[in-house]
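Topology and contacts: notes
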Amino acid sequence: MKKTLKMAVAASALTMPAMAGNLENPLYLPTAGEFYSKTGAGVMYKVTDDTHANELKKHAGATEFPIWRVQEDLGIGITDRLAVRGAFAYTQADDIDRKGLNHGRAGLIYRALEFNDGTVFDVYADAHLGGINKMRGAYIPVSLTEGYFQYDNYSNGRWGADVGLRFGKTWSKLTTSAFVEVLKTFGSSNNFIDVTAVTIPMTPMPLSTIGIPDEISVNLKSTTEINAGLNAFYQLDDRWSFGGGVKYNHHADNGVKSMATEIADPAGKAFAKQFLAKLSDMNDGFDEYIVSLSVANQLTDMMQVALYGEYTFDTAHDNSQNGSDVKAEVGVRLNLAF
């Protein structure tokens, strides 16, 4: 009986599908029929910088902690060189009462070239899913000429498209790679802006007096953004691996084209035109430089756990609320492939 049991265990181990590649490897691509999932959970510590927008909010130099972050990357191999994939991320920052999906994309990646020396070139195209949720927030005036947005979520309310190139090479245990991608978002009115704090100039009268509702939608402009990065990965043995990388994200200035909400009152139309003229270029862009490190342990053929850390340096335009003096995150990833 014991001998039969041992043989059954051995047989099941031999027939169990093994992970085709290390999911922490930056050049990982699932084989035909292989499904993978990378689920990350982290906590971020942030100290805001002194942009004009943060000063208007009286939030310059403020600490935001904890900021909870959850990420999911998943996909399936169609062939050994083509895969469908998706990525989603959720952030919750209670100190500023802001939460929601902050990242979403779904598309295809294709291994266009693969050489015997370990060099590969991948191309990919993803739909940008910023339009899944409306952009929500409130405009808070602090004077007759200035104000800021109090955002409720992290969505930009826009759909778009990412196209990119990933390439690299593997030398035995070491893999190096790089990528560059362009994101184009398409202008839309998928937003709600609370303007109840805004009053008619020189009076305490609400905007509803001139036919402007308490919540409006605006037509946002399209944007073009770019991301690029370098990665290194070292497979120490069958169980342990290490990774590191540097990533650059350019976030473009947002801008308002026109009012999307219908306003019949001539006085309301005139006020809206004057009000939105200030937001034609919101000067709220920012650039991020993210340094990351990770260590991973292969628990089973199908399961891997990784610990990661990230530190972000950034520069922000005057009206950005995303700049920081300190931004650090640590977390854990659970990787599965079968």
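Positions within a chain are numbered from 1, following the residues in the order the chain's sequence is written. Local features are withheld for residues below a pLDDT of 70 in this predicted model, meaning they are given only at 70 or higher, and side-chain atom pairs are given and counted only at 80 or more; totals for whole chains, interfaces and linings count all residues. Hydrogens and waters are ignored; side-chain quantities use all the structure's heavy atoms.

Below, the discussion takes up the pattern of salt bridges. Within this document, salt bridges are pairs made up of a side-chain nitrogen of Lys or Arg and a carboxyl oxygen of Asp or Glu, the two lying within 4 Å of each other. Within this structure, the stated rule accounts for 11 salt bridges. Between Glu181 and Arg105 there is a salt bridge, and its shortest N-O distance comes to 3.2 Å. With Glu181 in strand E9 (residues 174-185) and Arg105 in strand E4 (residues 98-114), the pair connects residues that are 76 residues apart, well separated along the chain. Each residue's exposure class comes from its accessible area (1.4 Å probe, protein chains only) as a fraction of the maximum for that residue type: buried when under 20%, exposed when over 50%, partly exposed otherwise. When its relative accessible area of 11% is taken as the criterion, Arg105 is described as buried. Here Asp122 ties to Arg111 by a salt bridge, and the two come within 2.7 Å at their closest N and O atoms. Taken together, the residues Asp122 in strand E5 (residues 119-128) and Arg111 in strand E4 connect sequence positions 11 residues apart. Helix numbers and strand numbers start at the N terminus; a helix is a DSSP run of H or I with at least 4 residues, a strand a run of E with at least 2.

The next subject is the packing of aromatic side chains. Within 6.5 Å between ring centres, the rings of Phe, Tyr and Trp (the latter by its six-membered ring) count as paired, and their orientation is classed by plane angle as stacked under 30 degrees, edge-to-face over 60, tilted in between. What the rule picks out here adds up to 10 aromatic pairs. Ring plane angle 90° and centroid distance 5.0 Å describe the contact between Tyr139 and Phe275, whose orientation is recorded as edge-to-face. One end of the pair, Tyr139, is in strand E6 (residues 135-141); the other, Phe275, is in helix H3 (residues 266-277), and 136 residues separate them in sequence. According to the relative accessible area criterion, Phe275 is buried, its value standing at 10%. Summarising the aromatic geometry, the rings of Tyr248 and Tyr289 are spaced 5.2 Å apart at their centres and angled 40° between planes, so their arrangement reads as tilted. Linking Tyr248 in strand E14 (residues 240-251) with Tyr289 in strand E16 (residues 286-298), this pair joins segments that are 41 residues apart in sequence. Grouped by ring-pair contacts, the aromatic residues Tyr139, Phe149, Tyr151, Phe271 and Phe275 constitute a single cluster. Its guanidinium or amino end placed over the ring of Tyr124, Arg85 lies 4.5 Å from that ring's centre, counting from NZ or CZ. Both a distance and an angle decide whether a charge sits over a ring: NZ of Lys or CZ of Arg must be within 6 Å of the ring centre and within 35 degrees of the ring normal. The ring of Phe192 has Lys134 sitting right over it, with the charged end atom 4.9 Å from the ring centre.

This paragraph deals with the side chain of Thr91. Residue placement: Thr91 occurs in strand E3 (residues 82-93). Under the rule applied, a polar contact is a pair of N or O atoms within 3.5 Å (in protein, one hydrogen donor and one hydrogen acceptor; residues adjacent in sequence only if both atoms are side-chain atoms). In terms of polar contacts, Thr91 uses its side chain to reach the side chain of Arg69, at 3.3 Å. Only heavy atoms matter for contacts: two residues are in contact if any of them lie within 4.5 Å across the pair. When residues no more than four places from it in sequence are discounted, the contact partners of Thr91 are Ile67, Trp68, Arg69, Arg98, Lys99, Gly100, Asn102 and Tyr154.

Turning to the environment of Ala228, a few remarks are in order. When you line up the elements, Ala228 lands in strand E13 (residues 223-235). Judged by its relative accessible area of 25%, Ala228 falls in the partly exposed class. For Ala228, the residues in contact, after removing those within four places along its chain, are Phe179, Val180, Val246, Lys247 and Tyr248.

Bringing unusual backbone geometry into the picture now. Note: most residues except glycine have negative phi, and most peptide bonds are trans. Looking along the chain, the bond that leaves Phe65 and enters Pro66 is cis, with omega of 0°. As for its placement among the helices and strands, Pro66 is situated in strand E2 (residues 63-77). Despite not being glycine, Lys58 shows a phi value in the positive range, around 60°. Here Lys58 shows up in the loop between helix H2 (52-56) and E2. Judged by relative accessible area, Lys58 falls into the exposed class, the value being 78%. A positive phi is found at Met202, a non-glycine position, where the angle reads about 70°. Locating Met202 in the fold gives a position in the loop between strand E10 (191-194) and strand E11 (215-216). Overall, the relative accessible area of 74% leaves Met202 in the exposed class.

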